[in-house]
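Residues per chain are reported as follows:
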Amino acid sequence: MKILYAASEVAPFVKTGGLGDVAGSLPAALAAAGHEVAVVCPLYSAIGKDWREQMTFVKNAYVQLGWRNQYCGIFSLERAGVTYYFLDNEYYFARAQVYGEYDDAERFAFFSKAVLEILPDLELRPDVINCNDWQTALIPVYYNLMFASRPFYTGIKTVFTIHNIAFQGRYGREILEYVMGIDDAHYRSGFMVMDGDVNLMKAAIVASNAVTTVSPTYAEEIQTPYYGHGLDSILRSNSYKLHGIINGIDLDAFDPAHDPYLPAHYTAQDLSGKAADKQALLELCGLEGDADTPVIGMVGRLTDQKGLDLVEAVLDDILRDDVRLVVLGKGDWRYEQMFVEAKRRYPDKVSASILFSADLANKIYAGADLFLMPSKTEPCGLAQMIALRYGTIPIVRETGGLRDTVTAFVDYLGTGNGFTFHSYNAHDMLHVIREACEVFRFNKEAWQKLMTGGMQSDFSWKTSAEKYVEVYQSI
Ligand code: ADP
């Protein structure tokens, strides 16, 4: 099958979150399964010189966006069996930020239109285009409205993948015709509209042949008002084409046996290096503790979505016990301050690094005993899978991908790979944190099994890539 994967960020070229990770690894897994795969992404100024030097110039094209006729340079690069195309337009993509510019609607409408417009130039006629999140949501829309009847394009199928339903691309009516070049009739008919706004994600759900999201539980959740961010009714009426497919992780990038950031390496068969990494982490963080002191790690965006108000409510209770809390993250000022303040009040127990560092992140994944991720919503979540791969036992709330990847430890049955709680309730979370610390301290045999079991679980992309292919084939 010929697959074109369109994404607004692709690791390792440019990444701001989970979408970048997925776009960086799923296409390679599809190529490894024997498919012909191309990926297309904007050429942002954030994509550095080292990558640019490896790119080849393919050709120039022009893209009609409303009344504008815009330049589009096409560059390409081959990697792991995948052809990557980068679309260049300095006016749109030579910016300080990947997202958050005043004209994001126009920047990504340009990108979406360009992806379709350049296909004949590239002599690339995919069977399927897999679009991702609101930034590429206009691809199925433009396809249906402007391209489907042209001979070159007839029969191409579109798949829309939701990585986070909270970000939908919502704009005022005036932008539809003037910026996106889509007739106002599609506002009046209701096709492009949700609750009075132009809503790109809503239009893509309706326009594409299949919709996927990044875990089976999230696929169910987003059909309910609590998780649907206003789109639950649209997802319910399109549930016949909605599929939940869990993400994998990059097993080479996250490998405790070879991780260049770790002072000591280890495997499920020989965990001695993990004990050394724990001591190194404590030392790095200016904390003291022995093998029996539970170290709880947290790595992630410090936002409401990650359940940090639960942590706030019982932080003193958590820190009253003999534990260490090592936090790495950036985000809302409120939560950054909460951890900085906790460090001030409990200097012997807390380490708070308010920054983004892959180096420290991996040192925490390896050096911690427990990994706390009490998310309010979590489409898939990668951090809990990375923690398991490093033999660090997750404590999670049962939501989205956390529910699909972490199951509750039950000692007498010998089942489960972590600690979980269901209700969004701080004391339920506190209870399982304490339970996890008990098991860690007093049930060494069970803990050893949890660590080795976690490290041996299969979080590769292979199985998930097969499920994507099933969806592509079904349409
Ligand atoms: P989300 O996509 O909602 O941010 P995920 O758990 O799916 O959450 O993915 C987050 C990824 O970003 C993980 O690989 C995590 O290790 C990484 N990450 C998040 N915050 C930081 C940080 N401050 N420093 C280093 N890595 C981080």
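Treat the numbers as computed from the prediction; the structure is a model and nothing was measured.

Undergrad: What is the right way to read the sheet that holds strand S17 (residues 393-397) from this model?
TA: Think of a sheet as strands paired side by side through backbone hydrogen bonds, with each pair either parallel or antiparallel. Strand order in the open sheet formed by 6 strands is S15-S14-S13-S16-S17-S18, with parallel pairing between adjacent strands. In the strand order of this sheet, the two ends are held by strand S15 (350-353) and strand S18 (419-421), each with one partner. Taken pair by pair, the neighbouring strands of this sheet meet at an average axis angle of 15 degrees, ignoring direction. One ladder, built from 4 bridges, connects strand S16 (residues 370-373) with S17; its direction is parallel. From the neighbouring strand, Leu370 faces S17, where its bridge partner is Ile393. The strands touched by helix H15 (residues 358-367) within the sheet are strand S13 (295-299), strand S14 (324-328), S15 and S16, with S13 carrying the most contacts at an inclination of about 145 degrees.

Undergrad: Please explain the side chain of Lys363 as it appears in this structure.
TA: Looking at where Lys363 falls in the secondary structure, it is placed in helix H15. Residue class for Lys363 comes out buried when judged on its relative accessible area of 19%. Those residues in contact with Lys363 that lie beyond four places of it in its chain are Tyr261, Leu262, Pro263, Leu281 and Leu284.

Undergrad: How should helix H12 (residues 272-284) be read in this particular structure?
TA: Taking 1.5 Å per residue, 13 residues should reach 18 Å; H12 reaches 19 Å between its end C-alpha atoms and fits that length. Those residues of H12 hidden inside the fold are in contact with S13, S14, H15, helix H18 (426-442) and helix H19 (444-456).

Undergrad: Just checking my understanding: could you explain helix H1 (residues 18-32) for this structure?
TA: Every α-helix winds through 3.6 residues per turn, so residues three or four apart in the chain are directed the same way. Across its 15 residues, H1 extends 21 Å between first and last C-alpha, which sits within 8% of the 21 Å expected from 1.5 Å per residue. With respect to burial, H1 is a largely interior element, 12 of its 15 residues being buried. In the core, the buried residues of H1 are packed alongside strand S1 (2-6), strand S2 (36-42), strand S5 (82-88), strand S6 (128-132) and helix H20 (462-474).

Undergrad: Can you walk me through the site of the ligand in this structure?
TA: If you check the shell around the ligand, you find 18 residues, and the closest are Arg301, Lys306, Leu355, Tyr365 and Leu382. Interatomic distance of 3.2 Å between a backbone N/O atom of Gly18 and an oxygen atom of the ligand. Take Ser357: an N or O atom from its main chain is 3.0 Å from a nitrogen atom of the ligand. Relative to its unbound accessible surface of 570 Å², the ligand loses 90% to contact with the protein.

Undergrad: Any chance you could explain unusual backbone geometry here in plain terms?
TA: Both trends apply: most residues other than glycine have a negative phi, and most peptide bonds are in trans. Of note, the amide linkage connecting Ala11 to Pro12 takes the cis form, showing an omega dihedral of 5 degrees. With respect to the secondary-structure elements, Pro12 resides in the loop between S1 and H1. In this model, Asp195 sits at a positive phi of 50 degrees, which is unusual for a non-glycine residue. On the secondary structure map, Asp195 appears in the loop between strand S9 (193-194) and strand S10 (197-199). Here His229, not a glycine, exhibits a phi torsion of approximately 45 degrees, which is positive. Relative to the elements of secondary structure, His229 occurs in the loop between helix H10 (225-228) and helix H11 (232-237).

Undergrad: For this particular structure, what's the right way to read the pairing of S6?
TA: As a general feature of sheets, a regular strand has side chains that alternate between the two faces. Within S6, 5 of the 5 residues are buried, which leaves the element mostly enclosed by the surrounding structure. Burial of S6 is two-sided: the residues Val128, Asn130 and Asn132 facing one way and the residues Ile129 and Cys131 facing the other way are all buried. Bridging between S1 and S6 involves 4 bridges; their strand directions are parallel. Considered in S6, the bridge of Tyr5 is made with Asn130. A crossover connection joins S6 to the parallel strand S7 (residues 157-162) through helix H5 (residues 138-147); in handedness this β-α-β unit is right-handed.

Undergrad: Explain the domain arrangement of the protein chain here, please?
TA: Many authors give the size of an interface as the accessible area that is lost as the parts come together. Along its sequence, the protein chain is carved into domain 1 (2-248 + 462-474) and domain 2 (272-458). The distance between the C-alpha centroids of domain 1 and domain 2 comes to 34 Å. At the interface, 16 residues of domain 1 touch 16 residues of domain 2. Seen at the junction of domain 1 and domain 2, the total is 8 residue pairs in polar contact (both at pLDDT 80 or more). Residue assignment for the side of domain 1 that touches domain 2 shows that the elements contributing at least two residues are H1, helix H9 (216-221) and H10. Here the side of domain 1 that touches domain 2 gets 4 residues from one element, more than from any other, and that element is H9. For the side of domain 1 that touches domain 2, the class distribution of residues is 6 nonpolar, 8 polar and 2 charged.

Calculation criteria
Residues numbered from 1 in each chain as written. Predicted model: local features only at pLDDT ≥ 70, side-chain atom pairs only at ≥ 80, totals over all residues. Heavy atoms only, no water. Pairing = 2+ DSSP bridges. Helix = DSSP H or I, 4+ residues; strand = E, 2+ residues; numbered from the N terminus. Axes fitted to C-alpha atoms, helices over the stretch in contact; angles between N-to-C directions. Contact = heavy atoms within 4.5 Å. Buried < 20%, exposed > 50% of the residue type's maximum accessible area, 1.4 Å probe, protein only. Expected span 1.5 Å × (residues − 1). Near = heavy atom within 4 Å. Polar contact = N/O pair within 3.5 Å; in protein donor to acceptor, adjacent residues only side chain to side chain. Areas by Shrake-Rupley, 256 points an atom, 1.4 Å probe, with all protein chains shown as cover. Right-handed = clockwise from strand over helix to strand, strands pointing away. Domains from an automatic or database assignment. Nonpolar A, V, L, I, M, F, W, Y, C, P; charged D, E, K, R; others polar.

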